[in-house]
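So you can see what is in the structure, the chains are spelled out below.
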Amino acid sequence: MAKPVKVKAYRRLVQHPYRLPPNSRLYHLSPIGAGTPEIECLTGYIGRLAQEHLITPYQLLLKEVAPLLKGYQAIAHKAQFSLFHRPINGTGRTATAFVEVIQELTKQDDLYYLTLLPWSAVLTSHSLIRAYRAWCPYCYEEQRLSNESCYDLLLWVLDLIDVCPKHEKPLTKNCPHCGSHHLHIGARSRPGYCSKCLGFLGEKVRRKDANILGGLNHEMEWQLWKSKAVGELLATSSQCLSLTRSNVAKSLDYCVRTYSWGSISTFNTQFPMGHQKFRSWLKGDTLPILESILGMCFKLGISPLSFMKGSLDEERTSTDIRPALMLEDNRSKSSTLSPPKLTHDEVDIELHKALTTFPPPSIKDFMEKSGWGRGRLKKWFPELYFKIKARHYSLIEPVSAEKTLQLALTENPPPSLNLLARRIGCKNPGTLYDHFPNLTKAIVNRYKKHRYKQVNWKHVRAGLCKALRENPPPSLREVTRRLKLSEPPYSRFSDLCKALSNRYISYVKSHAEERRFFLRQGIHKAVASLTSKGLRPSRERIKRLLGININPAEFTEAMKELK
Ligand SMILES: [Zn+2]
Ligand SMILES: [Zn+2]
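Residues numbered from 1 in each chain as written. Chains lettered and ligands numbered in written order. Predicted model: local features only at pLDDT ≥ 70, side-chain atom pairs only at ≥ 80, totals over all residues. Heavy atoms only, no water.

Bringing the overall build of the protein into the picture now. Along its length, the protein carries 27 helices and 2 strands. Put simply, the protein has 563 residues, and 42% of those count as buried. In the protein, 67% of the contacts between residues at least 6 apart in sequence involve partners at least 24 apart. Counting only carbon and sulfur atoms, one obtains 54% of the accessible surface of the protein, whose full area is about 32800 Å². (Helix = DSSP H or I, 4+ residues; strand = E, 2+ residues; numbered from the N terminus. Buried < 20%, exposed > 50% of the residue type's maximum accessible area, 1.4 Å probe, protein only. Contact = heavy atoms within 4.5 Å. Areas by Shrake-Rupley, 256 points an atom, 1.4 Å probe, with all protein chains shown as cover.)

Here it is as structure tokens:
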């Protein structure tokens, strides 16, 4: 009998068909400089793509891109390039539309970062993209020598960039051969070459002007800093996908709190940008332009990236001494600005401490200690402010305060309410009025009567008679104040008081009439002068012309007379 043969069984091999990725309609060209400050721009990429296919950007856009673009039929006409060459690299719908179509055609999925779209939430399109193409000739030359094709940097597209951060040279905006300027993408555009005369735009760095910047002046320092900072921002485009408008508002709020103790006015003296505008940025209603943001970051020494991300407070170090620096600048401008003694964080700590100390400090005490004003304290620490205030006033124990006031009614000579308030430990007599209206009234009347008895009436009479002869006549209130009386002495010298007040009233009336007369004359002259110049005599114009304030009633009256 034959031995059974051992058969080894293998699992069945299932063959999956290999799926090739779909072919791209156009060449799968990789963008240059992704993730670096020297990242390429989308218009430059389109130029290179056309070059790879040996066609012009016009042919590429017309034949391949335009049919897929919805609502951009204008690019079918050569002359219309000027309508969309700017926003292709920007933050809006045009950029989105072009990115989608060119990604579809090339199957490259990271062309989004060749535009400013990743920053659309935190950048306003105002003054963002420059009107015409700009380039660094030395960068072009280096690109040519390194045997890679020339390309346009996204950095050059930004209107606020005037200097190449690598070569520290100003960007060029006109062709050195024919002097023409170029659209970001034109019918015959090609990175590195003039679209009119087709000349090469690169240039060798010459030894002679290698150190053209020489001693860096402040303006150049700022220009270079700006270029480098924006380059760093662009390099991180792919990591900044969750930026929101509120990030910017949060950072601005942080800057105001940290660098000018919460005072928008102080901050505005450093960065003059208009109160109204600044408030709308703080609310997140509008966005500052990129240059304003960078200006703040430059001056305050903070990172633009952290500013955009709204993460400044996470990165602040305890050794940050910028507030002191800023104030020095301020003090030189205005000697009236006295710097707060404590910073925002220190005030926070001290306010918490004040809640547990005894006797409870008043807000006024705290203001002196911290150097912060009442308004600022209330604005930044509303809860603590009211707690401290309430705690301080709770010191006035109602029972003992009432007793003191009642005893004061029998005291001789009668004490004033101010004195009693001090005895009770309450700084503001108004608080006593609120708590014990009847008692305080009685005390005040008693004190008044006492004072009345002590008045030297001969002296008062002489004062009143003298005032009657004065010119211009003083008001009765003014005379009462001068004689250090709490109220006009009608009870003793009613005739003198009435005469004084009548004299004053008639003076005011006649004076007002005189004023109205001259005002009407002035208005009539101004109207004549304005109409002779062909201008409408509006109230505003006349006010400006005469340099005085005119109320609407006076104006209408004067105009009626003219008619
Ligand atoms: Zn350069
Ligand atoms: Zn040229």
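We now examine the coordination of the zinc ion (ligand 1). C136 (SG), C139 (SG), C164 (SG) and H167 (ND1) make up the full set of protein donors to the zinc ion (ligand 1), lying at 2.1 to 2.3 Å. Note that the zinc ion (ligand 1) binds 4 donor atoms; their angles at the metal cover 105 to 115°, and the shape is tetrahedral. Summarised as a motif, the one-chain spacing of the donors to the zinc ion (ligand 1) is C-x2-C-x24-C-x2-H. Each member of the pair, C136 as well as C139, is classed as buried. (Donors = N, O, S within 2.8 Å, 3.2 Å for Na, K, Ca; no water. Tetrahedral: all angles 85-135°; square planar, octahedral: opposite > 155°, others 65-115°.)

The next thing to look at is the coordination of the zinc ion (ligand 2). Note on the zinc ion (ligand 2): its protein donors are C175 (SG), C178 (SG), C194 (SG) and C197 (SG). The metal-donor distances range over 2.2 to 2.3 Å. Here the zinc ion (ligand 2) is ringed by 4 donor atoms whose angles at the metal span 105 to 114°, and the overall shape comes out tetrahedral. Here the donor residues of the zinc ion (ligand 2) are spaced in sequence according to C-x2-C-x15-C-x2-C. With C175 in the loop between β2 (169–170) and α7 (218–235) and C197 in the loop between β2 and α7, this residue pair connects regions lying 22 residues apart in the sequence. Judged by relative accessible area, which is 35%, C197 ranks as partly exposed.

This part is about the nonpolar core. Membership of the largest hydrophobic core comes to 102 residues, with the highest contact counts inside it found for L42, I46, F98, W119, L158, L234 and F307. Looking at this core element by element, the count peaks at 7 residues for helix α4 (residues 93–106). Beyond its immediate stretch of four places on either side in the chain, I46 contacts L60, L61, I88, F98, I102 and I185. Grouped together as the second largest cluster of nonpolar side chains are 13 residues, V455, W457, V479 and L496 included. (Core = buried A, V, L, I, M, F, W, Y, C linked by side-chain atoms within 4.5 Å.)

Moving on: unusual backbone geometry. With an omega of -10°, the peptide bond between N412 and P413 qualifies as cis. Relative to the assigned elements, P413 resides in the loop between α19 (398–408) and α20 (417–424). A cis amide bond, omega -5°, links N471 with the succeeding residue P472. Mapped onto the elements, P472 comes out in the loop between α23 (457–469) and α24 (476–482). Residues other than glycine seldom take positive phi values, yet K107 does so here, at roughly 60°. Turning to its location among the elements, K107 is positioned in the loop between α4 and α5 (137–145). What makes K107 partly exposed here is its relative accessible area of 32%.

The next subject is α4. Taking 1.5 Å as the rise per residue, α4 with 14 residues should run 20 Å; its terminal C-alpha atoms sit 20 Å apart, in good agreement. For α4, the set of buried residues is T94, A95, A97, F98, V99, V101, I102, L105 and T106. At its buried positions, α4 is contacted by α1 (42–52), α2 (57–65) and α3 (81–84). The first or second residue beyond α4 is K107, which carries a positive phi of 60°. (Expected span 1.5 Å × (residues − 1).)

Within the element layout of this structure, V347 appears in helix α15 (residues 344–354). Given a relative accessible area of 0%, V347 falls into the buried group. Counting along the chain gives 33 residues from V347 to W380, while the straight-line C-alpha distance between them is 9.9 Å. Excluding residues within four positions of it along the chain, V347 makes contact with L342, F366, S370, W372, L377 and F381.

This next bit is on the side chain of H184. Tracing the backbone shows H184 in the loop between β2 and α7. There is a polar contact of 2.8 Å between the side chain of H184 and the backbone oxygen of R130. Those residues in contact with H184 that sit more than four places away from it in its chain are T43, H85, R86, N89, I129, R130, A131, Y132, R133, V157 and S189. (Polar contact = N/O pair within 3.5 Å; in protein donor to acceptor, adjacent residues only side chain to side chain.)

Confidence in the prediction for the protein averages 82 pLDDT; 89% of positions are at 70 or higher. Mean pLDDT values over the elements of the protein span from 38, in helix α14 (residues 322–333), up to 95, in helix α6 (residues 154–157). Every residue in residues 317–339 scores below 50 in pLDDT, and together they form 25 contacts with partners more than four places removed in sequence or on other chains. (pLDDT = per-residue confidence, 0-100.)

Another point: the packing of α7 against helix α11 (residues 290–300). Two elements in contact, α7 and α11, have axes whose closest approach is 11 Å; the angle formed by their N-to-C orientations is 110°. In terms of orientation, α7 and α11 fall into the roughly perpendicular class. Crossing hand, α7 versus α11: right-handed. Residue-level contacts link H218, E221, W222, W225, K226, A229 and V230 of α7 to E291, L294, G295, C297 and F298 of α11. (Axes fitted to C-alpha atoms, helices over the stretch in contact; angles between N-to-C directions. Parallel < 35°, antiparallel > 145°, perpendicular 65-115°, else oblique. Left-handed = near helix turned anticlockwise from the far one by under 90°.)

Let us now look at the pattern of salt bridges. Evaluation of the coordinates by the stated rule reveals 20 salt bridges. Its salt-bridge partner being E350, residue K353 comes within 3.3 Å of it at the nearest N-O pair. Within this pair, K353 and its partner E350 are both found in helix α15, separated by 3 residues, close to a single helical turn. According to the relative accessible area criterion, E350 is buried, its value standing at 17%. Notably, a salt bridge pairs E478 with R481, separated by 3.3 Å at the nearest N-O pair. Residue E478 and its partner R481 are both found in helix α24; the two are separated by 3 residues, about one turn of the helix. Looking at R481, the relative accessible area reads 55%, which means it is exposed. A single salt-bridge network, built from bridges that share partners, covers E470, E478, R481 and R482. (Salt bridge = Lys/Arg side-chain N within 4 Å of Asp/Glu carboxyl O.)

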